[in-house]
Amino acid sequence: LDEEYTISKNACSVRGSKVGYAENEKVTVRELLYGLMFKSGNDAAIALAEGIAGNVDDFANIMNHYAVSFGVLDSHFKTPHGLDSEDHYSTAYDLALLASKGFEYDTFREIVGSKSISKDKYNFTRDYNNINKILWKIPGANGVKTGYTGQAGKCLVSSVRHKDRNIIIVVLNCNDRWNQTE
């Protein structure tokens, strides 16, 4: 998590929502994960993919192989950020499985359940505020991730702690995602 990745020109030029990392900026994996999950940072997604696998295509292959290994069978990933792409798709059930798998990891739980983080906590380059409004809207909410693309519409994968278990809620192509989730 403390390894540094260098932000590439490719990561800086990605479209959609970004954290705003600069080309050649060095950022830790931990900080990139916050940028990805808190800000839907497509630049963070590219930087992580390139750092892990060398390039986006090889990362997508790794991601597909890993997802199938724990039962994600009706999804196919072409990008690390989820922007619309030919042959890139998922289902509500598969997204719930991915969230459930993520909750097996302390770092994932910490990131998706936090509303904000100061740059001082982990010596980050900047402060981060989570754009996931569900963390404020539902008592016991502890994650997970917002999303939007032109083809998928507004999406939200949420988790709420209830009676010692996490209830995973997924809404796809839902303009009223916050109220529908509630």
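A short tour of the structure in this document, coming up. (Residues numbered from 1 in each chain as written. Predicted model: local features only at pLDDT ≥ 70, side-chain atom pairs only at ≥ 80, totals over all residues. Heavy atoms only, no water.)

Moving on, we come to the overall build of the chain. The helix and strand tally for the chain stands at 9 helices and 7 strands. Here the chain has a C-alpha radius of gyration of 16 Å; the compact-globule value for 182 residues is 16 Å, and the two agree. Reported as C-alpha extents along the three principal axes, the dimensions of the chain are approximately 45 × 40 × 30 Å. Among the 182 residues that make up the chain, the fraction classed as buried is 45%. For the chain, restricting intrachain contacts to residue pairs at least 6 apart in sequence, the fraction spanning at least 24 positions comes to 45%. Surface exposure of the chain reaches about 9,800 Å², of which carbon and sulfur atoms provide 48%. Here the chain contributes 21 positively and 23 negatively charged side chains, and the mean placements of these two sets differ by 7 Å. (Helix = DSSP H or I, 4+ residues; strand = E, 2+ residues; numbered from the N terminus. Rg over C-alpha atoms; globule rule 2.2 N^0.38 Å. Buried < 20%, exposed > 50% of the residue type's maximum accessible area, 1.4 Å probe, protein only. Contact = heavy atoms within 4.5 Å. Areas by Shrake-Rupley, 256 points an atom, 1.4 Å probe, with all protein chains shown as cover. Lys, Arg positive; Asp, Glu negative; His and termini not counted. Charge placed at Lys NZ, Arg CZ, Asp CG, Glu CD.)

Most of strand β6 (residues 153–162) is tucked away: 7 of the 10 residues are buried. Inspection of the sheet shows strand β5 (residues 141–149) paired to β6 by 8 bridges, in the antiparallel sense. Paired with T146 across the two strands is L156, which belongs to β6. Counting the residues that bridge the hairpin from β5 to β6 gives 3 residues. Of the pairings in the sheet, the one linking β6 to strand β7 (residues 165–171) comprises 7 bridges and is antiparallel in character. Its bridge partner lying in β7, R161 is registered against N166. Hairpin connection between β6 and β7: a loop of 2 residues separates the two successive antiparallel strands, and K163 in this loop has a positive phi of roughly 50°. (Pairing = 2+ DSSP bridges.)

The way to describe two aromatic rings as a pair is by their centre distance and the angle between their planes. The full count for this structure, using the stated rule, is 6 aromatic pairs. Ring geometry for Y34 versus F38: centroids 5.1 Å apart, planes at 70°, classification edge-to-face. You can see Y34 and its partner F38 sitting in helix α2 (residues 29–39), 4 residues apart, about one turn around the helix. With relative accessibility at 0%, the residue F38 sits in the buried group. A ring pair is formed by F124 and Y128, whose centres lie 5.9 Å apart and whose planes are at 90°; its orientation type is edge-to-face. Residue classification places Y128 among the buried residues on the basis of a relative accessible area of 1%. (Phe/Tyr/Trp six-rings, centres within 6.5 Å; stacked < 30°, edge-to-face > 60°.)

A separate point is the sheet that holds β6. The strand order across the open sheet built from 3 strands is β5-β6-β7, with neighbouring strands paired in antiparallel fashion. The sheet is open, and its two borders are formed by β5 and β7, each paired with just one other strand. Pairs of neighbouring strands in the sheet enclose a mean axial angle of 10°, with direction left out of account. Across the face of the sheet, helix α5 (residues 92–102) comes into contact with β5, β6 and β7 while running at roughly 145° to β7. (Axes fitted to C-alpha atoms, helices over the stretch in contact; angles between N-to-C directions.)

On to the side chain of N142. As for its position among the elements, N142 is in strand β5. You can call N142 buried: its relative accessible area is 16%. Side chain to side chain, N142 and S159 meet in a polar contact 2.7 Å long. N142 has contacts with F103, V112, G113, L135, S159, V160, R161 and N166, leaving out every residue within four places of it along the chain. (Polar contact = N/O pair within 3.5 Å; in protein donor to acceptor, adjacent residues only side chain to side chain.)

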